[in-house]
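One-letter residues, chain by chain:
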Amino acid sequence: MKVLVVGSGGREHALAWSISQSPSLTELHAAPGNPGIAELAHCHPVRADDAASLAAELRVDLVVVGPEGPLVAGLADELRHRGLAVFGPSAAAARIEGSKAFAKDVMDAAGVANARTLAAAEPPCVVKADGLAAGKGVWVCHTQSELDEALAAVSPPFHVEELLEGPELSLFAVAAGEQACAFPAARDYKRIGDGDAGPNTGGMGSFSPLPDVADDEADEILDTVHRPVLRELAKRGMPFQGLLYAGLMRTPDGLRVIEFNCRFGDPETQSLLPRLETDLLPILAGGPAPIGVSAGAAVTVVLAGRGYPERGDIGTPIEGVADATATGAHVFHAGTALHDGRLVTNGGRVLNVVGTGDTVEVARTAAYRAVDRIHFGGMQFRRDIANG
Ligand code: AMP
Ligand code: GLY
C-alpha cells in the first residue's frame, strides 16, 4: 500500500514511524513532513492544504491527514471527490472541532455531558474562541482581572461556559459512521510550566496508560460519549470517518467533555503509538477493529524553543538527537529544519522525546535520560510529566 501522511509535526512523525512498520506498506510519502519524517518517507515540499493534487499525482492508496486545519478546510472531501481513500473526516463532520458552538449543539442533542453554557461572562468561567485556535483560544478565568484579559484577547464569536475542575484525560476512537473502537486513555499536559503553571500551550508532554482509567471505563466512555456523538453526526447526514478525540475532565459530578477534536491528538499520539501491538495501517485504511496495546507504558516530553508559547524559535542549532536515540528512546521531530546539513529549530515545539518501559515510572526515567542528551539554546521542557 502506498501512503501519504499530511502534516509536519511530532504527531505526524509518530504516525509515519508506526505506518512504516506495517508489512502492507510499499511506499511512504509525506507532505510536507520534516527532517525526522524524511528518514522514513519521501517528503514533498507541498503545503498540507495543497496535498490533494500531490496525492492524485502519486496515486496513493491512502492519505492520512494529521492536523485539523486542512480537515476543517475540506481536504478529505477533495480527496474523496478525486476517488482517493483518506483517513480523516469531511469538513462537515470536522466542525465538531472547528466550531465550539456546533460541538455543543451536537453534544446536547446526543445527551453527552459537557460544560454548561453561561449567559453572562462572570468569574469563575471559561472563555473559548469559536473557531480553530491551535490550543490557544481558551481562557480559564478564576478572577475578574483574568476575565477582563480574556475578553480583551478573544476575537468574536466566542463562547462562555462553566469552569470545571478535575483531572483531564484524552480518549481517541477510530470511527467510521457509527462504528468505533478506542485507543487506551492518555493524558496531555497543556500548561507551559511544572505544576501546571503559566499559559496554555499546544501540549508539553503526555503519557499512557493512566492509573486512574481502567480499560472497562474506557469502553464505557466510548459508549456514553463517542458513540452518541457519532450517531448524532450520522443522523445529521455528516457521518464521521477518522479519529474522534474526546478531551474529558473528571469533575466531582462525573465525567464532562471539554472538547472534541477531529484528528489524532498531539502529543498524546506520541505516547500511544509506541504501545501499539496491532498493525496501525489496516485500521487507518479499513476502519475500526480491535486495537491491541502492550501492557507497558510510554511517556513523552516535549522540548520547546525559546519564547514558546508566545512565539516560535527558528534556526537555533540542535545537538544530541543521535545520542538520545541511542538510549533506546524515540525522538520525534516536531519543529525542526535542516540548514546546510545541520539540524536547527523551526517552531515552538521542537522535539518530542518518548521513553517506554514496563511501568510509567520506568518509561519516565527513560524519557528524561534521553532528554538529558539533547541541547539547544533556549530549550524549555517540563520536569513533571507523568509525575502523578
Ligand atoms: P480546549 O482547547 O477546549 O481543549 O481547552 C484547552 C484547555 O483548557 C483544556 O484542556 C482544559 O485544561 C481547559 N478547559 C477547557 N474548558 C474548560 C472548562 N469548561 N473548565 C475548566 N477548564 C477548561
Ligand atoms: N493534545 C491536545 C490536542 O491535540 O489538541
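Our subject is the structure listed above.
Criteria and cut-off values
- Residues numbered from 1 in each chain as written.
- Chains lettered and ligands numbered in written order.
- Predicted model: local features only at pLDDT ≥ 70, side-chain atom pairs only at ≥ 80, totals over all residues.
- Heavy atoms only, no water.
- Helix = DSSP H or I, 4+ residues; strand = E, 2+ residues; numbered from the N terminus.
- Rg over C-alpha atoms; globule rule 2.2 N^0.38 Å.
- Buried < 20%, exposed > 50% of the residue type's maximum accessible area, 1.4 Å probe, protein only.
- Contact = heavy atoms within 4.5 Å.
- Areas by Shrake-Rupley, 256 points an atom, 1.4 Å probe, with all protein chains shown as cover.
- Lys, Arg positive; Asp, Glu negative; His and termini not counted.
- Charge placed at Lys NZ, Arg CZ, Asp CG, Glu CD.
- Near = heavy atom within 4 Å.
- Polar contact = N/O pair within 3.5 Å; in protein donor to acceptor, adjacent residues only side chain to side chain.
- Nonpolar A, V, L, I, M, F, W, Y, C, P; charged D, E, K, R; others polar.
- Pairing = 2+ DSSP bridges.
- Axes fitted to C-alpha atoms, helices over the stretch in contact; angles between N-to-C directions.
- Salt bridge = Lys/Arg side-chain N within 4 Å of Asp/Glu carboxyl O.

Colleague: I tried to follow the overall build of the protein chain on my own but got confused; where do I start?
Modeller: Counting its regular elements, the protein chain contains 12 helices and 23 strands. Scaling as 2.2 N^0.38, a compact globule of 388 residues should have a C-alpha radius of gyration of about 21 Å, and the protein chain matches this with 20 Å. Referenced to the eigenvectors of the C-alpha coordinate spread, the extents of the protein chain come out at roughly 55 × 45 × 40 Å. For the protein chain, the residues scored as buried account for 57% of the 388 residues in total. Sequence-distant contacts, at least 24 apart, represent 67% of the contacts inside the protein chain between residues at least 6 apart. Here the protein chain has roughly 15500 Å² of accessible surface; of this, 49% comes from carbon and sulfur atoms. Distance from the positive charge centre (32 side chains) to the negative charge centre (49 side chains) of the protein chain: 2 Å.

Colleague: Can you walk me through the site of ligand 2 in this structure?
Modeller: All residues adjacent to ligand 2 are Asp188, Tyr245, Asn261, Arg263, Gly265, Asp266 and Glu268. Between ligand 2 and the protein, one listed contact pairs an oxygen atom with a side-chain N or O atom of asparagine 261 at 3.3 Å. Here ligand 2, which alone exposes 200 Å², has 90% of that area covered by the protein.

Colleague: Sorry if this is basic, but what is going on with the site of ligand 1 here?
Modeller: Taken together, 16 residues surround ligand 1, and among them Glu161, Leu164, Glu168, Lys190 and Glu259 come closest. One of the side-chain nitrogen or oxygen atoms of lysine 100 is found 3.2 Å away from an oxygen atom of ligand 1. Notes on ligand 1: free accessible area 470 Å², of which the protein chains cover 94%. Mapped by element, the contributors of at least two residues to the shell around ligand 1 are strand 6 (125-129), strand 7 (138-141) and strand 16 (254-261). In terms of residue class, the shell around ligand 1 is built from eight nonpolar, one polar and seven charged.

Colleague: How do you make sense of the environment of glycine 69 when you look at a structure like this?
Modeller: Following the sequence through the fold, glycine 69 ends up in helix 3 (residues 68-72). Expressed as a C-alpha distance, the spacing of glycine 69 and alanine 386, which sit 317 residues apart in the sequence, is 29 Å.

Colleague: Help me understand the sheet that holds strand 3 (residues 42-43), please; the structure alone is not making it clear to me.
Modeller: Think of a sheet as strands paired side by side through backbone hydrogen bonds, with each pair either parallel or antiparallel. Taken in spatial order, the five strands line up as 3-2-1-4-5 in an open sheet, and their pairing is parallel. Every interior strand has two partners, whereas the edge strands, strand 3 and strand 5 (86-87), have only one. In the sheet, strand 1 (residues 2-7) pairs with strand 2 (residues 27-32) via six bridges, with the strands oriented parallel. The partner of valine 6 across the bridge, within strand 2, is alanine 31. Strands strand 1, strand 2 and strand 4 (62-65) of the sheet are contacted by helix 1 (residues 10-20), whose axis makes an angle of about 170° with strand 1. Each of strand 1, strand 2 and strand 4 touches helix 2 (residues 51-58); the most contacted strand, strand 1, lies at about 165° to it.

Colleague: Whenever I open this one, the pattern of salt bridges confuses me. Can you help?
Modeller: Pairs can form between side chains of opposite charge once their charged atoms are near each other. In the structure shown here, the tally under the stated rule is 22 salt bridges. Between aspartate 108 and lysine 104 there is a salt bridge whose closest N-O contact spans 3.8 Å. Taken together, the positions of aspartate 108 and lysine 104, both in helix 6 (residues 100-110) and four residues apart, correspond to about one turn of that helix. Relative accessible area serves as the criterion here: at 13%, lysine 104 is assigned to the buried category. Aspartate 212 is paired through a salt bridge with arginine 187; the nearest N and O atoms lie 3.0 Å apart. Taken together, the residues aspartate 212 in the loop between strand 14 (205-208) and helix 8 (215-235) and arginine 187 in strand 11 (residues 187-188) connect sequence positions 25 residues apart. By relative accessible area, which is 30% here, aspartate 212 ends up partly exposed. Note on arginine 187: relative accessible area 12%, which makes it buried. The structure contains a network of salt bridges with shared partners spanning Asp105, Glu232, Lys235 and Arg236.

Colleague: Sorry, what's going on with helix 1 here?
Modeller: The α-helix winds at 3.6 residues per turn, so residues separated by three or four positions along the chain end up facing the same way. When you tally the buried positions in helix 1, you get nine out of 11 residues, the bulk of the element. Among the residues of helix 1, those classed as buried are Gly10, Arg11, Glu12, His13, Ala14, Leu15, Ala16, Ser18 and Ile19.

Colleague: I tried to follow the environment of alanine 129 on my own but got confused; where do I start?
Modeller: Looking at the element boundaries, alanine 129 is found in strand 6. On a C-alpha basis, the gap between alanine 129 and valine 302 in space is 25 Å, while along the polypeptide they are 173 residues apart. The contact partners of alanine 129, leaving out residues within four places of it in the chain, are Lys100, Gly137, Trp139, Val154, Pro157 and Phe158.

Colleague: Teacher, can you tell me more about the side chain of histidine 29 here?
Modeller: Note that histidine 29 resides in strand 2. At 2.8 Å, the side chain of histidine 29 forms a polar contact with the side chain of glutamate 27. Apart from the residues lying within four places of it in its own chain, the contact partners of histidine 29 are Lys2, Val3, Leu4, Val5, Ala41, His42, His44 and Leu58.

Colleague: Explain helix 6 to me, please; I cannot follow it from the model alone.
Modeller: Burial in helix 6 covers these residues: Phe102, Ala103, Lys104, Val106, Met107 and Ala110. Elements in contact with the buried residues of helix 6: helix 5 (91-98), strand 8 (158-161), helix 8 and strand 16. Of the residues trailing helix 6, glycine 111 is marked for its positive phi of about 70°.

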